[in-house]
Amino acid sequence: MSCRSRSRVLRGPLRSHLSYLLLAISRIPFAIALLSANPALAHVSDRGFVMLLPTGHYLAGGALAVAASFLALALLPPALIDRLAKGRFILSGNWRPRGRTVVSLVAFAACVVLLLAGWRGSRDPLSNPLPLTIWTLVWIGLTLVQGLLGNLWAWISPWYGPCRLIRRAFRRDADEPMLALPRKVGYWPAVLLFFGFAWFELIDLAPDDPARLATVVSIYFAANLAAMLVFGHAAWSRRGECLSTFFGLIARFSIVEQFRKDDREGLALRWPAAKLSQAEPLPPSGVLFLLLTLASVSFDGLSRTFFWLGLNGINPLEFPGRSAMTGINTIGLLASFAALSAVFLVAVSAGERLARSAGAFWNGAGLLVWSIVPIALAYHFSHYLTVLVVNGQYALVALSDPFGRGWDLFGTAGLQVFPGLTMGSQAAWLIWNLQAGTIVLGHVLAVLVAHMMAFRLHPDARAAALSQLPLTVLMIGYTVLGLWLLSTPTGA
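Quantities reported herein were computed from a predicted structural model and do not represent experimental measurements. (Residues numbered from 1 in each chain as written. Predicted model: local features only at pLDDT ≥ 70, side-chain atom pairs only at ≥ 80, totals over all residues. Heavy atoms only, no water.)

### Let's talk about the overall build of the protein chain
Of regular secondary structure, the protein chain possesses 19 helices and five strands. Out of the 492 residues belonging to the protein chain, those deemed buried represent 52%. For the protein chain, the accessible surface area stands at approximately 21600 Å², while carbon and sulfur atoms represent 67% of it. (Helix = DSSP H or I, 4+ residues; strand = E, 2+ residues; numbered from the N terminus. Buried < 20%, exposed > 50% of the residue type's maximum accessible area, 1.4 Å probe, protein only. Areas by Shrake-Rupley, 256 points an atom, 1.4 Å probe, with all protein chains shown as cover.)

### With respect to unusual backbone geometry
Phi angles above zero are rare outside glycine, and Ala 273 is one such case at about 75°. Summarising the element assignment, Ala 273 is placed in the loop between β5 (264-269) and α13 (284-302).

### Focus: the packing of helix α8 (residues 160-169) against helix α10 (residues 210-231)
Put simply, α8 and α10 touch, their axes get as near as 10 Å, and they point 45° apart. Taken as axis vectors, α8 and α10 run oblique relative to one another. In this structure, α8 meets α10 at a crossing whose hand is right-handed. Contacts between α8 and α10 involve Cys 163, Ile 166 and Arg 167 from the first element and Leu 225, Met 228 and Leu 229 from the second. Looking at the contact of α8 with α10 residue by residue, the class counts come to five nonpolar, no polar and one charged. (Axes fitted to C-alpha atoms, helices over the stretch in contact; angles between N-to-C directions. Parallel < 35°, antiparallel > 145°, perpendicular 65-115°, else oblique. Left-handed = near helix turned anticlockwise from the far one by under 90°. Contact = heavy atoms within 4.5 Å. Nonpolar A, V, L, I, M, F, W, Y, C, P; charged D, E, K, R; others polar.)

### Focus: the sheet that holds β5
Strands sit in the order β3-β5-β4 across an open sheet of three strands; the sheet is antiparallel. The sheet is open, and its two borders are formed by β3 (89-92) and β4 (256-261), each paired with just one other strand. The sheet shows a mean angle of 45° between the axes of neighbouring strands, taken without regard to direction. Inspection of the sheet shows β4 paired to β5 by six bridges, in the antiparallel sense. When the bridges of β5 are listed, Lys 261 appears paired with Arg 264. (Pairing = 2+ DSSP bridges.)

### Structural notes on α8
Turning to α8, its buried residues number three or more, namely Tyr 160, Gly 161, Pro 162, Cys 163 and Arg 167. On its buried side, α8 packs onto α5 (100-120), α10 and α11 (233-239). Directly after α8, the chain includes Arg 171, whose backbone phi takes a positive value near 55°.

### Thoughts on the environment of Ile 90
One can find Ile 90 in strand β3. Expressed as a C-alpha distance, the spacing of Ile 90 and Leu 269, which sit 179 residues apart in the sequence, is 6.5 Å.

### A closer look at the packing of helix α15 (residues 322-354) against helix α19 (residues 461-487)
Relative orientation of the contacting elements α15 and α19 amounts to 150°, with a least axis distance of 5 Å. Between α15 and α19, the interaxial angle falls into the category roughly antiparallel. For the element pair α15 and α19, the recorded crossing hand is right-handed. Residues Leu 340, Val 343, Phe 344, Ala 347, Ala 350, Gly 351, Glu 352 and Leu 354 of α15 form the contact with α19, whose own contacting residues are Leu 466, Ser 467, Leu 469, Pro 470, Leu 471, Leu 474 and Tyr 478.

### Quick word on the nonpolar core
Leu 291, Phe 344 and Trp 370 are the most contacted members of the largest nonpolar core, which totals 107 residues. The biggest single contributor to this core is helix α18 (residues 425-457), with 13 residues. Other than its neighbours up to four places away in sequence, Phe 344 contacts Val 287, Leu 291, Ala 365, Leu 368, Val 369, Leu 471 and Leu 474. (Core = buried A, V, L, I, M, F, W, Y, C linked by side-chain atoms within 4.5 Å.)

### A closer look at the side chain of Asn 224
On the secondary structure map, Asn 224 appears in helix α10. A distance of 2.8 Å separates polar atoms of two side chains, one belonging to Asn 224 and the other to Trp 236. If we skip the residues at most four places from it in the chain, Asn 224 touches Trp 159, Leu 193, Trp 236 and Glu 241. (Polar contact = N/O pair within 3.5 Å; in protein donor to acceptor, adjacent residues only side chain to side chain.)

### Focus: the confidence of the model for the protein chain
Mean pLDDT for the protein chain: 84, with 87% of residues reaching 70 or above. Confidence drops under a pLDDT of 50 for residues 1-52, and excluding neighbours within four residues, the segment shows 134 contacts in the predicted structure. (pLDDT = per-residue confidence, 0-100.)

This is the structure:
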């Protein structure tokens, strides 16, 4: 990412307070690590945020926090966790928002303007709103908003409105398919499209070139619009178009829920990840889709490290450019995906064997893979935090003057950009602790989700706990890997 270098109180018995006390206790090792570590010096470049600091305390504290979370959750009765997961604070008992088509058409119009800006606007990726919107506001910012507030993408998707208008012109419902998307197809279209998305973002020679990006986005938009007209907007958005699929799955983690009761729709707040307790098992292709999303972000971090460059015989201080790394990084992206998938599936299989389960393997994997969602969100926040802070400012400036003609549409064209917000020892210490704390918290929540899913697979408490052991070991290892990726020097 050369341009990116990329916000009814739940009530329960006294035991609910005990549960949070135990979870708080599980965080003590990590808290000790935070207090004992020294502030770090860091700098920002157009290719990333390099932090050089002693990470031993963080690595050990993070691993201990995840392990302690598993032990704390094992002491809690399943009924208590289930009751907390079902807790709901009602915001509105009659919530039925309207105007989705209009909102989508406005988003479509904005998309057209951005494409025109890509072709006709500034060639500088930090001055053109298209790459800043795609890579910073949508891929980074909107992902985090989805994980917090729910599926806003369903409203601002630029496909829904046009699809509805075209189908209406032919007197068809927007979700009435001309052809049914076969069930056996699963999530494979989304898997293939997301791999292409990740490859373009991480490996293509110039993913931030505005004109090149505009061409790719226009082809992608047209192809998916055609698929939605054939298979129906809902079906293709759920299992075909990769961003809609990704945003929909990530939104299951959010604290906001739109629910239906007695033929009325309402709006409520839930605990983070509580909605995942009701999730259905994903098919094998859905399992691989979620694993691919996590593997791509992890490889993005790995591919910039001195370790990866040195492993491939490249001097980090003499980086030869993306063209020299295309083949190597393509293999690396595929290998990262294959390795994470293999380790996850082996952990699930080993857990089922420990629990002596007679259930279907893919049913267990399809449930337990939901524990990847909080990890993926945590990595997304931590890996892209500095990019969002810096490039988000550039985006505000560029959106006010999309064609570089001296406009000030939103009053932000003269905004002074402060890339130095992420510089200096104090800023580096704060950012590092936010990143590290988020990664550990994401894995702790992943252990909680895996705990809920394990009890759905194994009603017996002992069997459920045993089935989680290998997956917990995997999460501990991934916590250490994530903290290492954040702290190790990068050279590209």
